[in-house]
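Take a look at the letters that make up each chain.
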Amino acid sequence: MSNQNSENVNFQSVTKQLENLLFQSQKEIELTVQIEDLFNVKSRYLGRKSELSELLRLLPSLEQEERSRVGQLVNQLKQTIEQLVEQKAQVLRDKLIELRLLQSRIDVSRPERQNWRGSLHPLTQVQDRICHVLTRLGFDFADGPQIEHDFYNFESLNFPKNHPARAMQDTFFIHPEVLLRTHTSPVQVRVMNRAKPPIRIICPGAVYRRDADLTHSPMFHQVEGLWVDEEVSLADLKGVLRTFAEQMFGAHTQIRLRPSFFPFVEPGVEVDVSCLFCRGTGCRVCKNSGFLEVLGAGMVHPNVLVNIPGATPRLRGFAFGMGVERIAMLLLGVNDIRLFFENDTRFLEQF
Amino acid sequence: MKFSLNALSEWFESSLTPANLAERLTQGGFEVEAILSNRAALAHTYVVEVLHCAPHPSADRLQIVTISTGAEQHVVVSGAPDIRVGQLTVWAQPGAVLPAKQVQSIDIRGVTSHGMLCSEHDLGVTNEQGGLCDATPLGRVGTCLVDTFLADTFFEVGVTPNRPDAMCHMGLAREIVALAKARPRRPRVVFQEKAADVGERVAIEIADTQGCRRYIARAASEVKIAMSPLWLRARLFSLGVMPIHNVVDITQWVMLEMGQPLHVFDLEKLAVWQGKQHKLTVRRATIAESLKLLNQQDVTLTAQDLVIADARGAVALAGVMGGQESAVTAATSHILLESAWFESQAVYQTAKRHHLMTDAANRFWRGVDIEAIAGASERACQLLVELCGAVISRGEIDLSPKKRSSPEVSLATNKLKSYMGISLPKEEIAQHLSSIGLTLKSSNSESLLFEIPSYRADLVADVDLIEEVVRLYGYQHIPERLPGKGGAYQSATPVSDFERVGSLRQLLASSGFREVIHYAFIAPEEEAPFRPCGVTEPVTLMNPMSADQSVMRDSLLPGLVKNLHHHAAHGITDLRLFELGRVFYPRTSQEPAASVYDQALPCEELRLGLLLTGAAEQGWGVAQRESDFYDLKSLLTHICTQFGAAPLRYETTHLPGWLHPYAAASLWQGEGDQQRCVGFAGQLHPQALESSAPPVWVIDCEVQWILEAALHATRRYQPLNRFPSMRRDLALVLGCEQPIGPLMDFMRDYWATHQHEGCVLEDLQLFDVYQGPHVPNGHLSAAFAFTFRHPERTLQEKEVQTSFDALVAALTQNFVVQLRA
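Residues numbered from 1 in each chain as written. Chains lettered and ligands numbered in written order. Predicted model: local features only at pLDDT ≥ 70, side-chain atom pairs only at ≥ 80, totals over all residues. Heavy atoms only, no water.

Our focus in this paragraph is the sheet that holds strand β21 (residues 314–317) of chain B. Residue and element names in this part refer to chain B. Taken together, the five strands give an open sheet; going across it, the order is β14-β17-β20-β21-β22, and neighbouring strands pair in mixed fashion. Taken across any chain shown, the strands that pair with only one partner, and hence form the sheet edges, are β14 (202–206) and β22 (321–322). Taken together, the four bridges between strand β17 (residues 278–284) and strand β20 (residues 306–309) define a ladder with antiparallel strand orientation. The partner of Arg283 across the bridge, within β20, is Val307. (Pairing = 2+ DSSP bridges. Helix = DSSP H or I, 4+ residues; strand = E, 2+ residues; numbered from the N terminus.)

Okay, structure coming up:
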């Protein structure tokens, strides 16, 4: 540094020196790469033993006017250096953060960890969906045994002994009077026996029939609905089923009722819904009919309503039932019912 | 049931296409499951005349035949026997697609055969494959078979059990008339009665008036047994009935046409009664009476069996099957034609008892129209004259022990409205019902009274009439309405079992387990190893589909173990499965039942079965660890916490044989007298598995305690402690046989029973168990983490240390443990 001849200081030389300092500090700040070094640089230029401090000590030897001008210049220089240091510090801090982030970089393309993944059985999922729609319509759950007495499964449901209608449901017997329920309808009677109308229930559960092929399983699941009250009619049945069909299979799903026969209802109907695949125009799934058969329903037969203690003649009811497997096969595109009961995890994990 | 549109059309006139007719039937409750036609098969087949016939030069059994279609001549090679020049037969031209083959122009041993000559079997119209089809009845030379009576359309119709009246062509045609607004037709039945009065030949007695309400007998002589004409054989064959000979074919056809099962006796083989006359009696069989049936089966009859008997004994099982002795044979010429009404249950019981559910028995069981049996008898006579040259005796014997009356049913219009949701004018109601044969007898301002035709025995109450009105009115015209009032069924619990079981399912699924649903019936050898204590035998099916589905499961484990083997066979050894399903046990006399009916039922219980085997964690970058008991325990604790159940107690007693005796626990709920074993958790006994696979961990437990707990669980907020906690770790070396649970219980109890100036042991964790170098053989090192906290102030290092040291000292005094250096 060249300020040994401080006595000979004059304005020009001081300003020159200040310019030099600015130039030098700028350069040094620029070259600094460590944030700690940066603060050393700062104290070297602005600290108590810095050249600048030395210069300030010479100030009294200057003229009054010059002194104040130099004072301003010194302040400017101080501010400039401080700004430069601060700017550089910010850059270095950013770099440091960036570096740390970079070090914790991950490979997002790497596959996920194959943790144990559980799932609900597809039949449970479909049954839950059915029940969810129906409970929102005001139905509550009811349940009954799967091994039933002939009385509940047939007799009280207007299937007399040895009646041809019993041949529709090939039955597993435990005993001549005790059998695996062939439908969830016995739950209707059990509820009727103990409940006071209005009754509004759904009964989901396993049922059994001696039948096995691609679309029939000896054990399968039904969800049955029952609504008993004064003045419920076929119009209410249609309204409920239409709402159900729309919520289950999508808006604008149409329903079609066809006369059919189930001993515990009169009138009895089969309920078709417009095909979910072709929207009614005809395709392979619906065999070009535009409709899929998914439900049985009807107005509860008076011979069944008598199971309600103190039933009045004005009491009406409607009931409907559907096979969970049938709907699951349609919704999930499963073409062999046995897959549901084989429980291969490679099948289960698809749902 | 299959119907011929040709035969149906004899009963109505309509311009609707088969598809439209089928649609009307389906919409009317008679679901047409399939529409079939043989037109495509007959499309390129023609009636031809054989012009010339010569042996094939290089094949002994082949003929070279020149035929004429009228317009052109072709050379065809045929292997049929007895080809006569001048005969009319059927030729399928190249391109014809017959049921069994595609016809082409082919070279047969050096001679080009242009098409083929057909037997009836080749054409698919009958099972006759002996010789060439005799085309004489089919029309002139050159006629395409599509234009003959052989061309037909068939409906496969699902007739519901309430409509036996529609199980014949006449009956279904009646429905078509009503549903398709077609014009009814009634085929004329005329025949001459020439021989002596039937009463001179036979006498009938109905001794059992309950089992037989009407019996019509007619007699015929000079019957010539022969093959039926082509139209009849083709019709029977197409409807699934094998033609036999003209007399049997006639009875079969009249049954398909008019619904009435008929039977024919060889009159001369019946026992003679009073001179030249024969007598038949309808009665119940005597005990141990026997009968050889048409199908060669010998049956020993019971006193419940309804039979037709001559003076010697039973000659037919009424409504089921005739006897061999009196059956029509090729030599028969005098016959007795039976057209009768047998009671449904009598026929059903007999058919069931002797395993003879014949078509006739099935029809009597379902119900036959008592008024239609005379018409059927006449129709059969007409055909006997036409096809067998029979001479019919004058008159008929028509016995009807009870007076028959037509039932009447009244329909209240407001009841109809309450079912339909809309009201219909009375005229419209009457119109709909008269279209299906009901007669309006009277009406007043509130109701209409209808007479029911005899063939609609299913119409007994007003709701039956309501169904008919709605069906004919059309469901599509019923408005849609959402019920606006009426409360829900009051269930016993605020949250149903279904919903709580659903939550449990969700919890298990989100804990990494896959739900499975297995059949409730299993093989006896699968059931036995896992049979619960106290169950002496499983609930067994009387009529299983197969032996491996013959007993009801009393545990969910057989299903899970079978599943394990299934996956092992596919190389999948890491499994986490659960099933929430019912199991079944025979009811013991102590168990209460809700009703007399329920007393007869087995017990059912919802259980949780769970299986876990293989790696505890999967994927890259995780430590390899096999699943173990503590994974089960962790899950059970999770369940208890989530459902608000008290913590389970784990005991090593009461273990069933299928569990590893030293790697399993029984699970207990409740205290003192209330304590109950709710299930088991542990390793399956290696012997319970066929393979020596890695350990398989299972849970088999009741579900009710979880659901109960969820229902009654009350949770109260505990204020959060804001003061800092203090942690102390403790490592102990102890013998491997020393259970850690009691140690930890001691630590907790000690802290709870000693004053520590309000300092609480907030948490105690076992955080490491170590065996290996630096720990003596037969010992292990267990490390515990204590978390202390004071509810009202910050703890001081010194006070905790003093108390902690006291606890450690007490530990070492009470247990054989050492502090780990």
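Before going further, it helps to spend a moment on the confidence of the model for chain B. All names here are of chain B. This prediction gives chain B a mean pLDDT of 92; 98% of its residues lie at or above 70. The lowest-confidence element of chain B is strand β13 (residues 193–197), averaging 87 in pLDDT; the highest-confidence one is strand β29 (residues 514–515), averaging 98. What the predictor reports for the complex is a pTM of 0.87 with an ipTM of 0.87. (pLDDT = per-residue confidence, 0-100.)

Contact with chain A, which involves 99 residues of that partner, is made by 92 residues of chain B. For the pair chain A and chain B, the summed buried area comes to about 8300 Å², and 59% of that belongs to carbon and sulfur atoms. Counting the surface chain A buries against chain B, the share from its top three residues, Trp116, Asn162 and Pro259 of chain A, is 10%. Linking chain A with chain B are seven salt bridges, by the criterion used here. Note that Arg190 of chain A is salt-bridged to Asp598 of chain B, the shortest N-O span being 2.7 Å. Linking chain A with chain B are 38 residue pairs in polar contact (both at pLDDT 80 or more), by the criterion used here. The element that contributes the greatest number of residues to the side of chain A that touches chain B is helix α8 (residues 234–249) of chain A, accounting for eight residues. Taken together, the residues of the side of chain A that touches chain B break down into 48 nonpolar, 24 polar and 27 charged. (Contact = heavy atoms within 4.5 Å. Buried area = accessible area lost by both parts, 1.4 Å probe. Salt bridge = Lys/Arg side-chain N within 4 Å of Asp/Glu carboxyl O. Polar contact = N/O pair within 3.5 Å; in protein donor to acceptor, adjacent residues only side chain to side chain. Nonpolar A, V, L, I, M, F, W, Y, C, P; charged D, E, K, R; others polar.)

Turning our attention to the packing of aromatic side chains. Residue and element names in this part refer to chain B. Following the criterion strictly, the structure yields 31 aromatic pairs over all chains and no others. Aromatic side chains Tyr519 and Phe521 sit 5.6 Å apart centroid to centroid with 45° between the ring planes, which places their arrangement in the tilted category. No difference in accessibility class separates Tyr519 from Phe521, as the two residues are buried. Each ring, one from Phe530 and one from Trp658, has its centre 5.8 Å from the other, and the planes form 50°; the classification is tilted. With Phe530 in the loop between α16 (524–527) and β31 (551–552) and Trp658 in the loop between β34 (649–651) and β35 (659–669), the pair connects residues that are 128 residues apart, well separated along the chain. One exposure class covers both Phe530 and Trp658, and it is buried. (Phe/Tyr/Trp six-rings, centres within 6.5 Å; stacked < 30°, edge-to-face > 60°. Buried < 20%, exposed > 50% of the residue type's maximum accessible area, 1.4 Å probe, protein only.)

Turning to the pattern of salt bridges, a few remarks are in order. Counting across every chain of the model gives 70 salt bridges over all chains. For Arg338 of chain A, the salt bridge is made with Asp336 of chain A, and the minimal N-O distance between the two is 3.0 Å. Take Arg338 of chain A: its relative accessible area is 46%, and that puts it in the partly exposed class. The network of salt bridges with shared partners includes Arg163, Asp165, Glu175, Arg456, Asp458, Glu468 and Arg471 of chain B.

Residue and element names in this part refer to chain B. Across the sheet, four strands lie side by side as β39-β40-β38-β41; this open sheet has antiparallel pairing. Among the strands making up the open sheet, the edge pair consists of β39 (760–770) and β41 (817–819). Looking at each pair of strands side by side, their axes are set apart by 30° on average, direction ignored. Along the sheet, helix α21 (residues 740–753) contacts β38 (726–735), β39, β40 (779–789) and β41; its crossing angle with β39, the most-contacted strand, is approximately 160°. In the packing of helix α22 (residues 797–814) onto the sheet, the strands contacted are β38, β40 and β41, and the crossing angle to β38 comes to about 15°. (Axes fitted to C-alpha atoms, helices over the stretch in contact; angles between N-to-C directions.)

For helix α2 (residues 35–46) of chain A, which comprises twelve residues, the first-to-last C-alpha distance of 17 Å matches the rise-based estimate of 16 Å (1.5 Å per residue) to within 8%. Lining the buried residues of α2 of chain A we find α1 (11–31), α3 (51–58) and α4 (64–103) of chain A. (Expected span 1.5 Å × (residues − 1).)

Attention now moves to the side chain of His221 of chain A. Considering the arrangement of structural elements, one finds His221 of chain A in strand β6 (residues 219–230). We classify His221 of chain A as buried; its relative accessible area is 9%. A polar contact of 2.8 Å, which involves the side chain of His221 of chain A, links it to the side chain of Glu325 of chain A. For His221 of chain A, the contacting residues outside a window of four places in its chain are Leu123, Gln127, Gly205, Ala206, Met322, Gly323, Val324, Glu325 and Phe341 of chain A together with Ile517 of chain B.

Right, let's get into the pairing of strand β5 (residues 199–208) of chain A. Residues and elements named next belong to chain A. Among the ten residues of β5, ten are classified as buried, and the element is accordingly described as predominantly covered. Bridge count between strand β1 (residues 140–141) and β5: two bridges; the pairing is parallel. Directly across from Asp140, in β5, lies its bridge partner Ile201. Alignment of β5 against β6, held across ten bridges, turns out to be antiparallel.

Before going further, it helps to spend a moment on the packing of α1 of chain A against α4 of chain A. Residues and elements named next belong to chain A. Between α1 and α4, the shortest axis-to-axis distance is 10 Å and the interhelical angle comes to 0°. In terms of orientation, α1 and α4 fall into the roughly parallel class. Contacts between α1 and α4 involve Phe11, Val14, Thr15, Leu18, Leu21, Leu22, Ser25, Gln26, Ile29 and Glu30 from the first element and Glu66, Arg69, Val70, Leu73, Val74, Leu77, Thr80, Ile81, Leu84, Val85 and Lys88 from the second. (Parallel < 35°, antiparallel > 145°, perpendicular 65-115°, else oblique.)

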